[in-house]
Amino acid sequence: MSGTLYLCATPIGNLEDITFRVIRTLKEVDLIAAEDTRHSIKLLNHFEIKTPMTSYHEFNKIEKARYLVKQLLEGVNIAVITDAGTPGISDPGEELVRQAHEAGITVTSLPGPAACITALTMSGLSTRRFAFEAFLPSDKKEKQVILDELKKETRTTILYEAPHRLLRTLRELLDTLGNRRITICRELTKKHETTFLTTLEDAIAHYEVQEPKGECVIVIEGISHEQIAEEKQKEWQEMSIEEHMEFYLQQGKDKKESMKLVAKDRGVSKRDIYQQLI
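The text that follows walks through the structure, step by step, so that each part is easy to find. Quantities reported herein were computed from a predicted structural model and do not represent experimental measurements.

### Focus on the packing of aromatic side chains
Right, on to step 1. Using the criterion set out here, one finds 3 aromatic pairs in the structure.
Right, on to step 2. Relative to Tyr160, the ring of Phe135 lies with its centre 5.7 Å away and its plane at 70°, an arrangement referred to as edge-to-face. Of this pair, Phe135 sits in the loop between strand 6 (130–134) and helix 6 (140–151) while Tyr160 sits in strand 7 (residues 156–161); the two residues are 25 residues apart in sequence, bridging distant segments of the chain.
Right, on to step 3. Tyr160 gets classed as buried once you look at its relative accessible area, which sits at 11%.
Right, on to step 4. Plain terms: the ring middles of Phe196 and Tyr207 are 6.2 Å apart, the flat faces sit at 75° to each other, and that makes the pair edge-to-face. You can see Phe196 sitting in strand 9 (residues 194–199) and its partner Tyr207 sitting in helix 8 (residues 200–209), a full 11 residues away along the chain.
Right, on to step 5. One aromatic cluster in this structure is built from Phe132, Phe135 and Tyr160.

As structure tokens, this is what we get:
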């Protein structure tokens, strides 16, 4: 009988955030796969957990996952932990889970801390719909693609950022998204936790004179549907009525239907379009 793979969420700062279930599971499994064994040994020692560890991180995630799956198939129960938070959320774990499912192994997740959810709930921004982007790509072209997509994102967006890159990222966000409302959460659950409700422009001005410290979560307000409609209207306004009509006529629409669509795009009546075309 194969073993079970346990995804165990660990504290993102405050050790009291670990659950009784995670502690018990870490003590009962046969092996713990840790993102950084040197970091995790401090957590295990604190809770007097003696279970053997092996490393499982971003740079060995494919080959090591094969090894761990083989162990699971032989009946070994394995827990996965990262340096902080929930495995698989901007941390190693996704590849191992995929391989485990393909091998028919039981996978279960023990819920607990996640910086993205913690920041979202205390951000003061909408929590009903949200998008998680984690860290933006380091490649400039790939990053710009993501930023361009975020321009039209109506959901609240959550990003992670290191303190030494925070100011650069805020400037890139402002250049692409405009002056959105944001909340910057730092040192979550720790002694010096801060929540900074601001705008991109004001945040940049703040961090230009005060060096940011601690890991950061940036929560960004989504664009409203009304704003999207207004921006689209502005784009149409840059075209002449004749060019706008030609846009729809080229699609095979008749003149009457084209006039109706042009009027809708520009937020005016069909009569107004007719009079301007006479």
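### So, the sheet that holds strand 5 (residues 106–110)
Right, on to step 1. The 5 strands lie next to each other as 3-2-4-1-5, forming an open sheet whose pairing is parallel. Each end of this open sheet is capped by a strand with a single partner; those strands are strand 3 (53–55) and strand 5. Averaged over all pairs of adjacent strands, the angle between their axes in this sheet comes to 25°, without regard to strand direction.
Right, on to step 2. In the sheet, strand 1 (residues 4–8) pairs with strand 4 (residues 78–81) via 3 bridges, with the strands oriented parallel. Counterpart to Leu7 in the pairing with strand 4 is Val80.
Right, on to step 3. Sheet contacts for helix 2 (residues 37–46): strand 2 (31–34), strand 3 and strand 4; angle to strand 3, the most-contacted strand, approximately 155°.

### Let's talk about the sheet that holds strand 6
Right, on to step 1. A sheet is described by the order of its strands in space; here 5 strands give the open sequence 6-7-10-8-9, paired in mixed fashion. Here the strands that pair on one side only, and so sit at the sheet edges, are strand 6 and strand 9. Each strand of the sheet is rotated relative to its neighbour by a mean of 20°, with strand direction disregarded.
Right, on to step 2. Bridge count between strand 8 (residues 181–186) and strand 10 (residues 216–220): 5 bridges; the pairing is antiparallel.

Parameters and conventions
- Residues numbered from 1 in each chain as written.
- Predicted model: local features only at pLDDT ≥ 70, side-chain atom pairs only at ≥ 80, totals over all residues.
- Heavy atoms only, no water.
- Phe/Tyr/Trp six-rings, centres within 6.5 Å; stacked < 30°, edge-to-face > 60°.
- Helix = DSSP H or I, 4+ residues; strand = E, 2+ residues; numbered from the N terminus.
- Buried < 20%, exposed > 50% of the residue type's maximum accessible area, 1.4 Å probe, protein only.
- Pairing = 2+ DSSP bridges.
- Axes fitted to C-alpha atoms, helices over the stretch in contact; angles between N-to-C directions.
- Contact = heavy atoms within 4.5 Å.

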